[in-house]
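Chains, contacts and geometry: an overview
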Amino acid sequence: VAPAIILVFIAVPTVRTIFVTQARAVPNALEVEVVGHQWWWEFRYPQYTQRTATGRVDTLVTANDLYLPIGRTVNFSLKTKDVLHSFWIPQLGGKRDLISNHTNYLWFTPDTSLRTSVYNGSCNEYCGASHANMKFRTFVVTPAEFEGWVGHQLTPAALAAPAVPPTPDTAQRTAGAAATPGA
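About the cut-offs
Residues numbered from 1 in each chain as written. Predicted model: local features only at pLDDT ≥ 70, side-chain atom pairs only at ≥ 80, totals over all residues. Heavy atoms only, no water. Phe/Tyr/Trp six-rings, centres within 6.5 Å; stacked < 30°, edge-to-face > 60°. Helix = DSSP H or I, 4+ residues; strand = E, 2+ residues; numbered from the N terminus. Buried < 20%, exposed > 50% of the residue type's maximum accessible area, 1.4 Å probe, protein only. Lys NZ or Arg CZ within 6 Å of the ring centre and 35° of its normal. Pairing = 2+ DSSP bridges. Axes fitted to C-alpha atoms, helices over the stretch in contact; angles between N-to-C directions. Contact = heavy atoms within 4.5 Å. Patch = residues over 30% accessible without salt bridge, like charges linked within 9 Å, V, L, I, M, F, W, Y side chains within 5 Å. Areas by Shrake-Rupley, 256 points an atom, 1.4 Å probe, with all protein chains shown as cover. Salt bridge = Lys/Arg side-chain N within 4 Å of Asp/Glu carboxyl O.

All told, the structure shown has 13 aromatic pairs when counted by the stated rule. Between Y45 and F146, the aromatic rings sit 6.4 Å apart at their centres with planes inclined by 50°, giving tilted as the arrangement. Taken as a pair, Y45 in strand 2 (residues 40–51) and F146 in helix 2 (residues 143–153) lie far apart in primary sequence, 101 residues in all. On the basis of relative accessible area, Y45 is assigned to the buried category, the value being 0%. The buried category is assigned to F146, whose relative accessible area is 1%. Ring geometry for F76 against F87: centres 5.2 Å apart, planes inclined by 45°, an arrangement best described as tilted. Of this pair, F76 sits in strand 5 (residues 74–80) while F87 sits in strand 6 (residues 85–88), and the two are 11 residues apart along the sequence. The same class applies to F76 and to F87, which are both buried. Members of the aromatic cluster, connected to one another through ring pairs, are W41, F43, F76, F87, F108 and F136. Over the aromatic face of W88 sits the side chain of K95, whose NZ or CZ is 5.4 Å from the ring centroid.

Read across the sheet, 5 strands follow the order 3-2-1-5-8 without closing on themselves; strand pairing throughout is mixed. Two strands in the sheet have a free side with no partner beyond their single neighbour: strand 3 (57–63) and strand 8 (104–108). Neighbour-to-neighbour, the strand axes of this sheet turn through a mean angle of 30°, independent of strand direction. Of the pairings in the sheet, the one linking strand 1 (residues 30–37) to strand 5 comprises 7 bridges and is parallel in character. In the sheet register, L30 faces strand 5, and the bridge partner there is V74. Strands strand 1, strand 2 and strand 3 of the sheet are contacted by helix 2, whose axis makes an angle of about 85° with strand 2.

The next point concerns a nonpolar patch on the surface. A surface patch of nonpolar side chains, amounting to about 350 Å² of accessible area, comprises I6, F9 and I10. Assessed through its relative accessible area of 51%, I6 is described here as exposed.

A few words on the pairing of strand 1. The element strand 1 is extensively covered by neighbouring structure, given that 7 of its 8 residues are classed as buried. Bridging between strand 1 and strand 2 involves 5 bridges; their strand directions are antiparallel. Bridging from a neighbouring strand, G36 pairs with W41 of strand 2. Joining the antiparallel neighbours strand 1 and strand 2 is a turn of 2 residues.

So, in C-alpha cells, the structure goes:
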C-alpha cells in the first residue's frame, strides 16, 4: 500500500505540470517554431516576418542558435522533419519530445533573475548515427539586445564587399609588378 501512495503523491503533480506546459502560452508570448532535423535544429520566429522589396516573404530562421529575451514568455511549437527528437535546455525548462505528424508545445519564461548568458541545449532522444552532434546554443539576452539581434537578422545580406579605392602606394606596387616579367 505504501508504494502506491508514494506513486500517487508523485504522479498527480507531475501529470498536472505536463498538461499545464503542454497547453499554449499566453497570447503575447514570443512564438518559436522548433523543427528537429537529422542532425540539427531549425528555429523559426514567425512573428518576425517581413516582405522584401522584391515581394518575397522572409521569416527569421536560425540553425542551432536560439535567442530568447529575458522576462518574456516563449511558446515553442515542436515538430520533426524525420525521426523522434527530444528538445531540452536543462537550465531553462522542461524536456519535450518531437514526434512525427504531431505538434507538441512547451512554454516557459526566461527568469528576470537570469543574467545574460548562453546555455546548451540538446536532443535527448537517440535519433541516429550523429545524435551526439545534435546540440544547440540558447542565448538569453535583454529585451533591447533581442530586438537589436532581430533587426540585424532581418537586414538583407550584402551581395558583394564594397570596393576599396586603391591608395597611391598600392597602385604603384601593382603597376610595378605588372611591368616586371617573371615577377
